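As a plain string of letters, each chain reads:
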Amino acid sequence: MTASSSSNPSDPILSVKGLSKAFGRRPKEVAKRAEAGATRQELASLGTAAVIDASFDVAPGEIFVVMGLSGSGKSTLIRTLNGLLAPTSGSVAIAGTEIAGADAATLRRVRRESVSMVFQHFALLPHRTVLDNAAYALELQGVAKEERLRRAQRVVDVVGLNGWEQKLPSELSGGMQQRVGLARALAADTPILLMDEAFSALDPLIRREMQEQLLELQAELGKTIVFITHDLNEAMFLGDRIAVMRDGRIVQIGTPEDILTDPANDYVAQFVQDVDRARVLTAGNVMERPLLVVGEGSGPRTALKAMRDGYASAVYVTGRDRKLVGVVRDRDAMRLVQKGETSLRSIIRPTPHAVSADDVLFDLFVPALESEVPLAVTDERDRLVGVIPRVTLLAALGPGTTATGEMTIPVPANEIDELLAESAVPASAANEEVR
Amino acid sequence: MEGFRIPIGEWAATALNWIKANLDGLLEFIRTVLGGAVDGLTDGLLGVPIIGIVVVAALIGWTVRSWRLALGTVVGFGLILGMDVWTPAMQTLSLVLVATLIAIAVAVPLGILAARNDTVSAALRPVLDFMQTMPAYVYLIPTVLFFSIGVVPGVVSTIIFALPPGVRLTELGIRSVDPEKVEAGQAFGATPGQILRGVQLPLASPTILSGINQVIMLALSMAVVAGIAGAPGLGKEVVAAISTLNIGQGVEAGLGVVVLAVYLDRVTSALGGRAQNRGSLLSIIARRRAHALAA
């Protein structure tokens with residue numbers, strides 16, 4: 001039955017196929033007709049189709065978010081993943097073990113070894129201390145007392161509740177109680193973590209803190225996480241992939257960027273309207289091809305021409321391998337031309353701000369404001385991979401078309417032309433090369 | 001409608017007579033066990049020096065509630081002693097304790113069963129209604145018939161009458177445990193037995209304990225009825241006072257019941273909400289220990 005030992009690391013650890021769950025007097029019939037396309041309203045007299053024909057795979061180490069409004073079936077879906085609810089049809093395989101229709105003993109084994117859960121309202125045992133709550137899953141697994149308290153202490157430290165071990169849950173704030181819930185699930189040491197609206201009952205500030213902590217823990221421990229939420233911002237922040245549910249059906253599965261930039265239908269589009277795009281989209285999503293760039297070996301004339309053509313007040317200078325060297329400003333370049341020099345090197349200034357392609361837009365506003373040139377986006381080897389003009393940054397926040405151009409007012413083009421004509425040095429000008 | 005009558009009374013009498021005739025061994029066994037238990041406990045209570053009982057009762061009061069209850073216990077028990085009803089009071093106390101223990105031993109498992117199974121719950125409900133609303137005196141007829149005059153019919157009638165709230169509140173307590181907490185137990189792979197012991201019973205315990213409190217109160221209220229059946233104790237004193245219109249004897253015996261009732265109620269209700277009793281020895285010890293651990 002178990003195939004986990006022979007499985008390939010890239011195989012899904014959790015695989016759901018054609019899963020439906022219906023409630024009511026004749027669940028089988030409701031599920032069948034819902035799968036054939038009947039809507040929930042049409043079936044209302046027969047029963048409730050909570051989840052209809054859901055299929056997805058979750059890879060080891062992935063954070064898979066199921067997003068939907070209340071009543072969309074997401075809570076039912078997550079409860080079928082560990083057999084708290086038995087699917088009406090379809091299959092759920094956890095690390096190779098099929099749990100649809102499995103007997104109680106198999107379900108208990110899967111829950112002890114493979115899947116633990118974090119609950120919306122924490123579901124801590126009020127008569128047990130923090131440490132004993134964290135050790136609960138281990139107690140059920142039959143771990144000896146000393147060993148389980150030691151392991152519970154370790155996860156209590158990991159979630160930052162050191163010093164609170166002997167308190168009762170009622171003495172803790174909501175955020176701390178959910179840390180205990182998280183500790184209990186982590187102590188079980190299962191590869192999969194199901195989180196049912198785990199942060200929805202918390203204050204916004206605490207919620208953000210918990211989300212960040214979850215990402216840290218996940219990076220450290222490599223858990224596979226299925227996270228249920230009704231908050232799209234939370235989904236976008238946490239999810240490697242997001243499944244959007246509506247009326248029991250999964251309407252789209254994709255990365256946060258996919259969902260945001262390419263919504264599958266009007267429903268998803270309407271949903272993502274309210275998303276804080278600045279926290280989801282990254283520099284890499286919106287950057288443009290760098291046009292205002294000259295080579296390190298070019299002269300001031302080339303730079304000025306490039307600025308004139310691009311209506312810009314400065315250009316980026318790159319060295320070999322497109323490595324970003326710095327910026328050259330129009331006034332400096334004009335002075336150089338007036339002096340008759342041919343190398344830009346003396347006037348290259350350090351790049352005011354370079355950002356990485358993974359930075360979210362939210363973190364770009366201040367650099368963009370302070371920078372007089374479009375923000376430079378560099379890769380890990382300092383190569384200039386793109387630029388983000390302020391207009392682009394603004395346009396990315398709304399659903400409109402992407403406008404380009406820069407807002408700094410450049411030196412008027414005729415002024416540049418005049419200057420170029422006055423102090424023409426044909427030989428060097430011919431050698432300059434615009435990149 | 002002339003002549004129409006459903007002979008339920010006759011049926012009941014026939015059934016009871018049949019039991020009397022055919023299950024004599026069982027009835028004899030019950031009589032021996034219950035009679036022995038109550039008499040043994042009474043002898044024990046009366047064998048200990050009075051001061052010892054008062055001190056232990058006061059200490060129990062302090063342990064679960066407060067020093068005020070301990071003081072009240074000393075005053076109340078002193079009153080019983082002063083009215084010279086100590087012996088009947090101890091007889092009543094042992095009848096109540098034995099009846100309560102048996103009622104709880106039956107009621108709690110039944111309540112658990114009813115909480116886990118809707119059919120059992122639905123079947124039990126009318127039976128419990130019947131047991132609770134049938135006038136208590138009626139139970140004396142078959143029990144006296146089965147066990148003859150004395151303490152045993154009193155105990156059996158008391159058990160039947162006092163049982164229902166124990167079952168009801170146990171079921172209610174378990175059914176009203178937060179379903180997410182039960183789900184948490186399941187989600188971490190707990191067996192049904194582990195969920196019962198580790199989640200449902202501890203979380204339902206305040207409700208179950210208030211059910212037990214109700215059982216004890218009802219058992220005490222049956223003390224007088226048991227007196228009619230000839231059970232020795234405060235009830236018998238009351239019955240005697242009624243038949244001779246002896247006001248003094250009636251008031252003294254009645255006050256004895258009141259003192260026992262108040263004491264047992266305060267102690268058992270304190271068990272239900274231990275956290276609130278900051279003055280109790282238990283919570284003082286718990287705080288000390290928490291303090292020592294934190295230091």
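Only a predicted model underlies this, so the values are computations on that prediction, with no experimental measurement involved.

### Examining the overall build of chain A
Turning to step 1, where the next piece is worked out: Counting its secondary structure elements, chain A contains 19 helices and 16 strands.
Turning to step 2, where the next piece is worked out: Taking 435 residues into account, the globule formula puts the C-alpha radius of gyration at 22 Å, and chain A, at 29 Å, lies well above it.
Turning to step 3, where the next piece is worked out: Relative to its full complement of 435 residues, chain A shows a buried share of 50%.
Turning to step 4, where the next piece is worked out: At a minimum sequence separation of 6, the contacts of chain A that also span at least 24 residues come to 65%.
Turning to step 5, where the next piece is worked out: For chain A, the accessible area works out to roughly 19900 Å², and carbon and sulfur atoms hold 49% of it.
Turning to step 6, where the next piece is worked out: For chain A, the separation between the mean place of its 48 positive charges and that of its 57 negative charges on side chains is 5 Å.

### Topic: the sheet that holds strand β15 (residues 375-378) of chain A
Residue and element names in this part refer to chain A.
Turning to step 1, where the next piece is worked out: Reading across the sheet, the three strands line up as β14-β15-β16 and stay open at both edges, with mixed pairing between neighbours. The open sheet terminates on both sides in strands that have one partner only, identified here as β14 (354-356) and β16 (384-388). Put simply, the sheet's adjacent strands are angled 40 degrees from each other on average, direction ignored.

### Examining the UniProt feature "domain: CBS" (unreviewed entry) in chain A
Turning to step 1, where the next piece is worked out: In the numbering used here, UniProt assigns the feature "domain: CBS" (unreviewed entry) to residues 287-343 of chain A.
Turning to step 2, where the next piece is worked out: Note that residues 287-343 of chain A is 37% helix and 25% strand, and that its end C-alpha atoms are spaced 29 Å apart.

### Focus on helix α8 (residues 151-175) of chain B
Turning to step 1, where the next piece is worked out: In this model α8 of chain B runs 37 Å from its N-terminal to its C-terminal C-alpha over 25 residues, within 8% of the 36 Å that 1.5 Å per residue would give.
Turning to step 2, where the next piece is worked out: Approximately 35 degrees is the largest bend angle found in α8 of chain B, and it occurs at A162 of chain B, with the proline P164 of chain B only one to four residues beyond.

### A closer look at the UniProt feature "transmembrane region" (unreviewed entry) in chain B
Turning to step 1, where the next piece is worked out: In the numbering used here, UniProt assigns the "transmembrane region" (unreviewed entry) feature to residues 44-62, 69-87, 93-115 and 136-163 of chain B.
Turning to step 2, where the next piece is worked out: Taken end to end, residues 44-62 of chain B is 89% helix and 0% strand, and its two terminal C-alpha atoms sit 23 Å from one another.

### Section: the interface of chain A and chain B
By a widely used convention, the size of an interface equals the accessible area lost when the partners come together.
Turning to step 1, where the next piece is worked out: Contacts between the two partners involve 25 residues from chain A and, on the opposite side, 18 residues from chain B.
Turning to step 2, where the next piece is worked out: Summed over both sides, the interface of chain A with chain B buries roughly 1700 Å², with 64% coming from carbon and sulfur.
Turning to step 3, where the next piece is worked out: When the buried surface of chain A facing chain B is broken down by residue, R108, Y136 and L140 of chain A rank first, second and third, together holding 25% of it.
Turning to step 4, where the next piece is worked out: On inspection of chain A and its partner chain B, the count reaches one salt bridge.
Turning to step 5, where the next piece is worked out: Across the pair R79 of chain A and E183 of chain B runs a salt bridge, and its minimum N-O distance is 2.7 Å.
Turning to step 6, where the next piece is worked out: Our enumeration of links across chain A and chain B arrives at seven residue pairs in polar contact (both at pLDDT 80 or more).
Turning to step 7, where the next piece is worked out: If you list the elements that add at least two residues to the side of chain A that touches chain B, you get α4 (104-113), β6 (115-118), α6 (136-141) and α8 (174-187) of chain A.

### A look at the confidence of the model for chain B
Turning to step 1, where the next piece is worked out: On average, chain B scores 90 in pLDDT, and the residues at 70 or more come to 97%.
Turning to step 2, where the next piece is worked out: Per-element confidence in chain B ranges from a low mean pLDDT of 76 for helix α14 (residues 281-294) of chain B to a high of 95 for helix α5 (residues 86-116) of chain B.

### Quick notes on the UniProt feature "domain: ABC transmembrane type-1" (unreviewed entry) in chain B
Turning to step 1, where the next piece is worked out: UniProt records the feature "domain: ABC transmembrane type-1" (unreviewed entry) for residues 89-268 of chain B in the present numbering.
Turning to step 2, where the next piece is worked out: Between the end C-alpha atoms of residues 89-268 of chain B there is a gap of 19 Å, over a span that is 88% helix and 0% strand.

### A look at the domain arrangement of chain A
Turning to step 1, where the next piece is worked out: In terms of domain boundaries, chain A breaks down into domain 1 (61-82 + 103-277) and domain 2 (284-431).
Turning to step 2, where the next piece is worked out: If you average the C-alpha positions of domain 1 of chain A and of domain 2 of chain A, the two centres end up 46 Å apart.

### Considerations on the UniProt feature "domain: ABC transporter" (unreviewed entry) in chain A
Turning to step 1, where the next piece is worked out: Mapped onto this numbering, the UniProt entry gives "domain: ABC transporter" (unreviewed entry) at residues 25-272 of chain A.
Turning to step 2, where the next piece is worked out: Taken end to end, residues 25-272 of chain A comprises 44% helix and 21% strand; its first and last C-alpha atoms sit 37 Å apart.

Cut-offs used in this document
Residues numbered from 1 in each chain as written. Chains lettered and ligands numbered in written order. Predicted model: local features only at pLDDT ≥ 70, side-chain atom pairs only at ≥ 80, totals over all residues. Heavy atoms only, no water. Helix = DSSP H or I, 4+ residues; strand = E, 2+ residues; numbered from the N terminus. Rg over C-alpha atoms; globule rule 2.2 N^0.38 Å. Buried < 20%, exposed > 50% of the residue type's maximum accessible area, 1.4 Å probe, protein only. Contact = heavy atoms within 4.5 Å. Areas by Shrake-Rupley, 256 points an atom, 1.4 Å probe, with all protein chains shown as cover. Lys, Arg positive; Asp, Glu negative; His and termini not counted. Charge placed at Lys NZ, Arg CZ, Asp CG, Glu CD. Pairing = 2+ DSSP bridges. Axes fitted to C-alpha atoms, helices over the stretch in contact; angles between N-to-C directions. UniProt positions renumbered as here; feature names shortened; annotations may be inferred. Expected span 1.5 Å × (residues − 1). Bend = angle between axes of the 7 residues up to and from the residue. Buried area = accessible area lost by both parts, 1.4 Å probe. Salt bridge = Lys/Arg side-chain N within 4 Å of Asp/Glu carboxyl O. Polar contact = N/O pair within 3.5 Å; in protein donor to acceptor, adjacent residues only side chain to side chain. pLDDT = per-residue confidence, 0-100. Domains from an automatic or database assignment.

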